[in-house]
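So the chains spell out like this:
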Amino acid sequence: MKIYDLRSDTITKPSSAMRKAMAEAEVGDDVYREDPTVNRLEAMMGERLGKEAALFVSSGSMGNLIPLYLLAGRGSEVLAHSASHIIQHEIGAISAIAGAMPIGVDAPRGILSAPILEPLIKAPAYDMAKTSLIEVENTIGGICYPLKNLQGIRALADRYGLAIHLDGARLFNAAVATGVDISHIAANSDTVTVCVSKGLGAPVGSVLCGSTDFIEEARRIRKLLGGGMRQAGILAAAGIYALDNNVGRLTIDHQHAQEIASALKKSGWAKFEIDDVETNIIFFSVEGVRGDKVVELLKKRGILASANGDLIRLVTNLNLSSEDICEVCGIILEMEAENFE
Ligand SMILES: Cc1ncc(COP(=O)(O)O)c(C=O)c1O
């Protein structure tokens, strides 16, 4: 049976051209700042995002943790959407390591705004934690932030002297889907983490971007966390390849997600909470059927999905061709509500 892996865009495997770029990468000791390929990836990402400097880190989680550690810190409050990755999926590192207190904020479709956030900013008081940072995730659940929300949050943060960190694990998806230049999106935050190992298809790595002073400190904290890498140019070369070759093609993943969403809508058994699919992520549920059961039934037909509670997630990615997506849609349309009983 053919398997269609839609669990995540992290499952993508490097293409032979990407592997060739990795094999041929010029390397040096990056802890000594002597790896030319890492230096090149950092310069490229900083420039694309319109930030002064950048740092190659091993994961998106590390790229989020360092700014939380440096810009929020012990005993302070971080405002983030309650479904955000830093609250739900990073092992509590925000508290366990950065020492900050996450305040989960609810907002429709995951999208925060200044009017939602402002009442949650603490006035200075001797007995209360100080609000220090707003964290924004873009895309969140595949949904893109409207630029005006980000600009409003930036103005609010400036008024209250707060920092903003952007978890841009899938920021290139947001830029491609909205047609807004990625640097215009990034301009509304102090720091940004972008992953090259998700939709962009590199095997490892994220890049944390910010001011020169911030990145200097971030380099120290990366070492503190055990994240200093030596001949990491082999990995950075994959990131460079991804930036050069895999950004524009994200539109294909987005189109594939549209096709799967319309097959699910036609199926009669899939229920959508948010029925707009903006990038490469689709969420749905099946009334009265537990999420793990739905995953199991899809798996029997070759479709690998993931479940968060009863919500099923499908993520299109560069390992799936247009023919694969056509076949996935065919399987969805063949399934009947009774198959889930
Ligand atoms: C939105 C978001 N942020 C951060 C991360 C963390 O990335 P990593 O798995 O590289 O630590 C992920 C991982 O899937 C993510 O989806």
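Residues numbered from 1 in each chain as written. Predicted model: local features only at pLDDT ≥ 70, side-chain atom pairs only at ≥ 80, totals over all residues.

Here's the deal with the overall build of the chain
Note the following rule: Helix numbers and strand numbers start at the N terminus; a helix is a DSSP run of H or I with at least 4 residues, a strand a run of E with at least 2. Both definitions apply: the radius of gyration is a C-alpha atom measure, and the globule rule equals 2.2 Å times residues to the power 0.38. The contact criterion used is a C-beta to C-beta distance within 7 Å, with each C-beta placed from the backbone.
Helix and strand content of the chain: 14 helices and 12 strands. Taking 2.2 N^0.38 as the reference for a compact globule, 341 residues should give roughly 20 Å; the C-alpha atoms of the chain span a radius of gyration of 20 Å, in line with that estimate. With the C-alpha coordinates of the chain rotated into their principal frame, the extents come out at 60 × 55 × 35 Å. Put simply, 75% of the contacts in the chain that link residues at least 6 apart link residues at least 24 apart.

Topic: the site of the ligand
Quick reminder of the rule: Think of it this way: take the backbone, place a C-beta atom on it, and check whether that atom is within 6 Å of the molecule or strand, in which case the residue is near it.
Around the ligand, a shell composed of Thr10, Ser59, Gly60, Ser61, Asn64, His85, Glu137, Asp167, Ala169, Cys195, Ser197 and Ser206 is seen. It is helix α3 (residues 60–72) that provides the largest number of residues to the shell around the ligand, a total of 3 residues.

Digging into the sheet that holds strand β9 (residues 281–284)
In sheet architecture, strand pairing relies on hydrogen bonds along the backbone and comes in two forms, parallel and antiparallel. Test applied: Each pair of strands is called paired provided DSSP finds at least two bridges between the two strands. All axes are obtained by fitting lines to C-alpha atoms, using only the stretch in contact for helices, and the reported angles, taken between N-to-C directions, cover 0 to 180 degrees.
Pairing is antiparallel in the open sheet, where 3 strands are placed in the order β9-β12-β11. Strand pairing shows two members of the sheet lacking a second neighbour, β9 and β11 (306–308), which therefore form its edges. Strand-to-strand, the axes of this sheet are offset by a mean angle of 30°, without reference to chain direction. Sitting on the sheet, helix α13 (residues 291–300) touches β11 and β12 (311–315), and the angle it makes with β11 is about 175°.

Side note on the sheet that holds strand β5 (residues 130–137)
With mixed pairing, the 7 strands of this open sheet are ordered in space as β2-β8-β7-β6-β5-β3-β4. With partners counted over all chains shown, the strands left at the sheet margins are β2 (53–57) and β4 (101–105), one partner each. For this sheet, the mean angle separating the axes of adjacent strands, direction not counted, is 20°. Summarising the sheet, β5 and strand β6 (residues 163–168) pair through 5 bridges and their orientation is parallel.

What about the packing of helix α1 (residues 16–23) against helix α11 (residues 233–245)?
To keep it simple, the criterion reads: Oblique is the label for any angle not covered by the other classes, which are roughly parallel (under 35 degrees), roughly antiparallel (over 145) and roughly perpendicular (65 to 115). By the definition used in this description, the sense in which the near helix is turned from the far one sets the handedness, with an anticlockwise turn below a right angle giving left-handed and a clockwise turn giving right-handed. For this classification, Asp, Glu, Lys and Arg are treated as charged, while Ala, Val, Leu, Ile, Met, Phe, Trp, Tyr, Cys and Pro are nonpolar and the rest, including Gly, are polar.
Between α1 and α11, the least distance of the axes is 7 Å, while the angle of their chain directions is 135°. As judged from the angle between their axes, α1 and α11 are oblique. The two elements α1 and α11 meet at a crossing, and its hand is right-handed. Contacts between α1 and α11 involve Ala17, Met18, Ala21 and Met22 from the first element and Ile234, Ala237, Ala238 and Tyr241 from the second. Here the residues of the contact of α1 with α11 sort into 8 nonpolar, no polar and no charged.

Interpretation in functional terms is not warranted from these geometric data alone.
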